[in-house]
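Residue-level structure breakdown
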Amino acid sequence: PAMLKPAGYSSGLFGKWHLSPNPESGPGGPVRRWPLAYGFDHFFGYLSGRVHQFRPELVRDNSVLDTSASGEERHLSELIA
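Please read all numbers here as calculations on a predicted model, not as lab measurements. (Residues numbered from 1 in each chain as written. Predicted model: local features only at pLDDT ≥ 70, side-chain atom pairs only at ≥ 80, totals over all residues. Heavy atoms only, no water.)

1. What to know about the sheet that holds strand β1 (residues 12-16)
Remark on secondary structure: sheet strands pair via backbone hydrogen bonds, oriented parallel or antiparallel. This is how the line gets drawn: When DSSP finds two or more bridges between a pair of strands, those strands are recorded as paired. Secondary structure elements are taken from DSSP: a helix is a run of H or I of four residues or more, a strand is a run of E of two residues or more, and numbering for both begins at the N terminus.
Reading across from one edge, β1-β2-β3-β4 is the order of the 4 strands in this open sheet, with mixed pairing throughout. Each edge of the open sheet carries a strand with a single partner, namely β1 and β4 (63-64). The pairing of β1 with strand β2 (residues 42-46) spans 5 bridges and is parallel. Counted as the bridge partner of G12 is H42 from β2.

2. Comments concerning the pattern of salt bridges
We apply this condition: Each reported salt bridge corresponds to a side-chain nitrogen of Lys or Arg within 4 Å of a carboxyl oxygen of Asp or Glu. For the exposure calls, accessible area comes from a 1.4 Å probe over protein chains only, and a residue counts as buried if that area is under 20% of its type's maximum, exposed if over 50%, partly exposed in between.
With the rule as written, the count across this model stands at 5 salt bridges. A salt bridge links K5 to D41, with the shortest nitrogen-to-oxygen separation between them at 2.8 Å. Of this pair, K5 sits in the segment before β1 while D41 sits in the loop between β1 and β2, and the two are 36 residues apart along the sequence. The exposure class assigned to K5 is partly exposed, which follows from its relative accessible area of 39%. Ionic pairing is found between R74 and E78, a salt bridge with its closest N-O pair at 3.3 Å. Owing to a relative accessible area of 45%, E78 belongs among the partly exposed residues under this scheme. Salt bridges sharing common partners tie together E24, R32 and R33.

And the structure:
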């Protein structure tokens, strides 16, 4: 994405990003190895290599989402779609 931006393209990543070290994948960051730091304009997904299918820890851009607020469990594939 960093190479496409100068050419006028926008980019988004949806799904799994497991390239950040585990200590940096929590809600407190740091976000220097999260997708937006690598040039993506938007990110919606999870930062670890594995995730609970019904209670995922999801991130939108650089903000951790509270998926339990609605009180209902939804499958990860439905949330990503």
